[in-house]
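# Secondary and tertiary structure notes
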Amino acid sequence: MEQERLNERETRAWIGFQHMRIEVNEVLARRLARDFGLTEADFVVLLRLSRIPEHRLRARDMAAALHWERSRLSRQISRMETRGTVKRAPSEGDARGYDVVMTDAGLAAFQAAWPAWVDGIRHCFADVLSPEQLDALAGIAEAIDTHYTAQHRPGALNGSAEADGEPRSRRDLLESADSLESAR
């Protein structure tokens, strides 16, 4: 059986996407660590909790929203508890589960880091692209998200995804960005 390959255009686009993602994330993660003592994983947990008025979310829902295994989330929460940015609390109505709760220190760390995060995204991403390129990239992201939603989410037609709770969607991330930007 001959192995199927990507054509030149597909290869160029895929490699370009991977390099772009890695390079931008590397700059953002380095800024978080250097200037705020946060890892990228710390920041995404705090970002998720910052969107919720009570800053509290069931661990299983957090894992699903971040597309993380529960064990990865548990280890991350343990590290963050040690630093005082989150704590575990019993889940109402679920004796086996727990909620992840952002502490005042976690909220302060997130609020301090947020402007630098936005600045980094603008510097390494948004300001580098023309409005037309941003629109094209947004259209690309929507097409891929539509495919993901139809084909790979729990309950999708092919049933290939296996996660508890409600997974993160592109729309969810956009609403997150809008609500945080208006909170500044």
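Whatever comes next refers back to the structure up there.
The structure presented is a predicted model; accordingly, all values stated were derived computationally and were not measured.

### What about the overall build of the protein?
Check the secondary structure of the protein and you find 7 helices and 3 strands. Traced from its N-terminal end to its C-terminal end, the protein shows the element sequence α-α-β-α-α-β-β-α-α-α. Counting over 184 residues, the protein shows a buried share of 30%. Pairs at least 24 residues apart make up 56% of the contacts formed inside the protein by residues separated by at least 6 positions.

### Overview of the pattern of salt bridges
Taken as a whole and assessed by the stated rule, the structure comprises 6 salt bridges. Here Glu26 makes a salt bridge to Arg30, at a shortest N to O gap of 3.3 Å. With a gap of 4 residues between them, Glu26 and Arg30 both fall in helix H1 (residues 8-36), about one helical turn apart. Owing to a relative accessible area of 44%, Glu26 belongs among the partly exposed residues under this scheme. Its relative accessible area of 44% is what places Arg30 among the partly exposed residues. Between Arg88 and Glu81 there is a salt bridge, and its shortest N-O distance comes to 2.9 Å.

### A look at the pairing of strand S2 (residues 86-91)
Pairing geometry for S2 and strand S3 (residues 94-102), over 6 bridges, is antiparallel. Bridge pairing links Val86 to Met102 in S3. Hairpin connection from S2 to S3: 2 residues lie between these consecutive antiparallel strands, with Gly93 at a positive phi of about 75°.

### A closer look at a nonpolar patch on the surface
A grouping of Leu6, Trp14, Ile15, Phe17 and Met20 is seen on the molecular surface, where their side chains present a nonpolar patch of about 490 Å² in accessible area. Along the polypeptide, Leu6 turns up in the segment before H1. Exposure remark for Leu6: the relative accessible area of 51% places this residue in the exposed category.

Calculation rules
Residues numbered from 1 in each chain as written. Predicted model: local features only at pLDDT ≥ 70, side-chain atom pairs only at ≥ 80, totals over all residues. Heavy atoms only, no water. Helix = DSSP H or I, 4+ residues; strand = E, 2+ residues; numbered from the N terminus. Buried < 20%, exposed > 50% of the residue type's maximum accessible area, 1.4 Å probe, protein only. Contact = heavy atoms within 4.5 Å. Salt bridge = Lys/Arg side-chain N within 4 Å of Asp/Glu carboxyl O. Pairing = 2+ DSSP bridges. Patch = residues over 30% accessible without salt bridge, like charges linked within 9 Å, V, L, I, M, F, W, Y side chains within 5 Å. Areas by Shrake-Rupley, 256 points an atom, 1.4 Å probe, with all protein chains shown as cover.

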